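# Summary of structural features
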Amino acid sequence: MGNLQHHTQTTLRVNGKPHTLTVDHRRVLLDLLREDLGLTGAKKGCDHGQCGACTVLVDGRRVNSCLLFAVALDGCEVTTVEGLSGDGDGEEPHPLQRAFLERDAFQCGYCTPGQICSAAGVLAEAAAGHPSHVTDPAAPSGEPVPLDRKEIRERLSGNLCRCGAYPRIVEAVEDVIP
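Residues numbered from 1 in each chain as written. Predicted model: local features only at pLDDT ≥ 70, side-chain atom pairs only at ≥ 80, totals over all residues. Heavy atoms only, no water.

## Considerations on the overall build of the chain
The secondary structure content of the chain amounts to five helices and five strands. Scaling as 2.2 N^0.38, a compact globule of 178 residues should have a C-alpha radius of gyration of about 16 Å, and the chain matches this with 17 Å. The principal-axis extent of the C-alpha atoms belonging to the chain is close to 55 × 35 × 30 Å. In the chain, which comprises 178 residues, the proportion classed as buried is 43%. Residue pairs in contact within the chain that sit at least 24 positions apart in sequence constitute 54% of those at least 6 positions apart. As displayed, the chain has an accessible area near 9,600 Å², and 51% of this comes from carbon and sulfur atoms. The distance from the centre of the 17 positive side-chain charges to the centre of the 24 negative ones in the chain is 5 Å. (Helix = DSSP H or I, 4+ residues; strand = E, 2+ residues; numbered from the N terminus. Rg over C-alpha atoms; globule rule 2.2 N^0.38 Å. Buried < 20%, exposed > 50% of the residue type's maximum accessible area, 1.4 Å probe, protein only. Contact = heavy atoms within 4.5 Å. Areas by Shrake-Rupley, 256 points an atom, 1.4 Å probe, with all protein chains shown as cover. Lys, Arg positive; Asp, Glu negative; His and termini not counted. Charge placed at Lys NZ, Arg CZ, Asp CG, Glu CD.)

This is the structure we're talking about:
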């Protein structure tokens, strides 16, 4: 019974569906998604939050799932690359997924799910007026930030691609800017 003191019942809404699990306090979100829920889109790259292969959205914000303890996310909405299309049925791809395919914005594909989730977060952040390091300081605060190539590159800089597909990734994101 002593082992159970290190576990907590946790409920996450993943891709629109509630999941209640008894989770070890040391278990990170990435491992829960991949091993417990069978959602293998997010990848374990560096396991230190430096490569972005594990990027998912938590309550609409992009996060490195390899760094977040699952029990700390009780009650949160988690969206993985598998759930970006909305209902998660995989029938109709998300516009970013379609743009990545049309632009051939991947080579080996290992980083692609994290790149796509990060790009979805970038679009939301810019629309909400969150500045980046390269945003013009004179830009009006709180207003949507226009996404040009420089902004996109800066905002996606936490997602590494060992194959060097960056130009196509930027083009794919440009294709879906509202």
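Next comes the rest of the account.
## Details of the layout of surface pockets
To find leftover empty space, a probe the size of one water molecule is rolled over the atoms. Taken as a whole, the largest pocket encloses approximately 190 Å³ of empty space. Around the largest pocket sit 14 residues that line it, and Tyr110, Cys111, Leu160, Cys161 and Arg162 are the ones nearest its centre. Looking at side-chain class alone, the lining of the largest pocket contains nine nonpolar, four polar and one charged residues. (1 Å grid on protein atoms, 1.4 Å probe; cavity = no way out; pocket = protein on both sides within 12 Å on 5 of 7 lines; lining within 4 Å. Points joined across faces, edges and corners; volume = space filled by probe spheres on them. Nonpolar A, V, L, I, M, F, W, Y, C, P; charged D, E, K, R; others polar.)

## Quick word on the nonpolar core
Of all hydrophobic cores here, the largest spans 26 residues; its most connected members are Leu84, Leu96, Leu156 and Val173. Mapped by element, the contributors of at least two residues to this core are α2 (95–103), α3 (112–127) and α5 (166–176). If you tally residues by element for this core, the top one is α3, at seven residues. Dropping the residues within four chain positions of it, leucine 84 is found in contact with Leu57, Thr79, His94, Gln97, Ile116, Cys117 and Ala120. Counting residues in each nonpolar core, the second largest holds 20 residues, with Leu29, Ala70, Cys76 and Val78 among its members. (Core = buried A, V, L, I, M, F, W, Y, C linked by side-chain atoms within 4.5 Å.)

## Quick notes on the packing of α2 against α3
Each pair of packed helices can be summarised by the angle the axes make with each other and by the distance between the axes. For the pair α2 and α3, the least separation of the axes is 10 Å and the interaxial angle reads 125 degrees. The angle between α2 and α3 falls in the class oblique. Remark: the crossing between α2 and α3 carries right-handed chirality. Where α2 abuts α3, its residues Leu96, Gln97 and Phe100 lie against Thr112, Gln115, Ile116, Ala119, Ala120 and Leu123. The residue makeup of the contact of α2 with α3, split by class, is six nonpolar, three polar and no charged. (Axes fitted to C-alpha atoms, helices over the stretch in contact; angles between N-to-C directions. Parallel < 35°, antiparallel > 145°, perpendicular 65-115°, else oblique. Left-handed = near helix turned anticlockwise from the far one by under 90°.)

## Brief notes about empty space enclosed by the protein
Within the structure shown, the criterion is met by one cavity of 30 Å³ or more. For the largest cavity, the calculated volume is near 40 Å³. Lining the largest cavity are 13 residues, and of these Gly45, Asp47, Cys51, Cys54 and Cys66 lie nearest its centre.

## Looking at the pairing of strand β4 (residues 61–64)
Two strands pair when backbone bridges link them, and strand β3 (residues 55–58) and β4 are joined in this way by four bridges, in the antiparallel orientation. Looking across to β4, one finds that valine 58 is bridged to arginine 61. Between β3 and the antiparallel strand that follows it, β4, lie two residues; aspartate 59 among them carries a positive phi value of about 50 degrees. (Pairing = 2+ DSSP bridges.)

## A look at the pairing of strand β2 (residues 17–24)
Bridge analysis of strand β1 (residues 7–14) against β2 gives eight bridges, and the strand direction is antiparallel. Bridge pairing links arginine 13 to proline 18 in β2. In sequence, β1 turns back onto β2 through a hairpin of two residues, with asparagine 15 there showing a positive phi of about 50 degrees.

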